[in-house]
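Given next are the chains, with one letter for each unit.
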Amino acid sequence: MGGHAMASAPPSSGDPREGPLVVVLPDPESVALAVATAVVSEAHRAVDRSGRFTLSLSGGSTPRRAYELLGRTPFADDIPWDFTDIFWGDERCVSPDDPRSNESMARAAMLDHVPIPADQVHPMRCPGIGGSEAEASDAAMAADEAAIDYETLLRGQVSALDLVLLGLGKDGHTASLFPGSDALREKERWVAPARQSVESGGAGAGDTGGTGGAKGEAPLWRVTLTAPYINRAAAVFFIVYGADKAGVLRQVLEGDTSGADGGAGLPAQSISPTGGKLVWFVDEEAASQLDRGKYPRKERGWPR
Ligand code: 6PG
């Protein structure tokens, strides 16, 4: 994808007219610090703009450290929690106290440690229905109903999020927008049911984010924000680190976007905020296959 800030030029702001800003930091801790600093900046910008900050959280393991930083001093003291609403980018259809739940991770890492009013946290709940074939269709129906419910909530609360945090799967998925899925092709709905296909490793394999059920079980149903809704956001931050993401990051940022199915290539390439900024926070290991001269490298956190 084009539009990279050249190392010699001042880094772009992630302004859509200039394309994504890719910020390369030395290591995962620096990435987490930069993300936490940038989230604080976006929170202040949003509250100045509209009196409110609406933030959607990513699941998986990558954002955990950034959430831990945002849940503690000094970052926690800088977030206007009374004016903040928390949403989720996707959720697995499991109980909220299931270790695979994105809500469970975010509460343990951040939300349980900050003074955010309980009614300003909007979990994306989907009941886990596992087991026999007969129940499989129930699970699909439950995921669709959960998607409808969350879309109803969003339509009543926020037509465009201030900030969406996203991760990147090794197959190029983001949120629960998996390659070749109906959810990825969705153009109208803001929220959709989703499931990784067994062929692409959905059953227990996949990212450390725990994409599937137990080994060999059918992959979990999930609920996800769709690309059209994510692209309405004022800002989208991708958080990626580790050598195991280097190949897919190069494909997403520097590969072509015409996928085998003539679609937009990898799911993460469908994320291009219409009027908002797009910023990739990556570490050196994840950036190791990128064209070295193209991206601003920062030794410290994101400027306030
Ligand atoms: C999820 C996430 C998913 C995640 C990627 C990367 O629910 O799992 O929304 O999109 O961001 O799978 O996962 P890791 O951060 O664990 O590598």
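Residues numbered from 1 in each chain as written. Predicted model: local features only at pLDDT ≥ 70, side-chain atom pairs only at ≥ 80, totals over all residues. Heavy atoms only, no water.

Enquirer: Any chance you could break down the sheet that holds strand S7 (residues 222-225) for me, citing the residues and the numbers?
Expert: Two modes of strand pairing occur in sheets, parallel and antiparallel, and in both the strands are linked by backbone hydrogen bonds. The strand order across the open sheet built from three strands is S4-S7-S6, with neighbouring strands paired in antiparallel fashion. The open sheet terminates on both sides in strands that have one partner only, identified here as strand S4 (90-92) and strand S6 (191-194). For this sheet, the mean inter-axis angle between neighbouring strands, taken without regard to orientation, is 20°. (Pairing = 2+ DSSP bridges. Helix = DSSP H or I, 4+ residues; strand = E, 2+ residues; numbered from the N terminus. Axes fitted to C-alpha atoms, helices over the stretch in contact; angles between N-to-C directions.)

Enquirer: Describe in detail the sheet that holds strand S5 (residues 163-166), supporting the description with residues and values.
Expert: Strand order in the open sheet formed by six strands is S1-S9-S8-S5-S2-S3, with parallel pairing between adjacent strands. Of all strands in the sheet, those with a lone pairing partner are strand S1 (21-25) and strand S3 (84-88), marking the two edges. Between one strand axis and the next, the sheet turns through 20° on average, direction left out of account. Judged from the five bridges that link them, strand S2 (residues 53-57) and S3 form a sheet pairing that is parallel. From the neighbouring strand, Ser56 faces S3, where its bridge partner is Phe87.

Enquirer: Describe the state of the cysteines, and please don't skip the residues or the numbers.
Expert: If you walk through the whole model with that rule in mind, you get one disulfide. Between the sulfur atoms of Cys93 and its disulfide partner Cys126 the distance amounts to 1.9 Å. Handedness here is read from the sign of the S-S torsion; for Cys93 and Cys126, about 85°, the answer is right-handed. Linking Cys93 in the loop between S4 and helix H4 (102-109) with Cys126 in the loop between H4 and helix H5 (133-157), this pair joins segments that are 33 residues apart in sequence. Accessibility assignment for this pair places Cys93 and Cys126 in one class, buried. (Disulfide = S-S within 2.5 Å. Buried < 20%, exposed > 50% of the residue type's maximum accessible area, 1.4 Å probe, protein only.)

In short, the description is geometric, and any link to function would need to be established separately.
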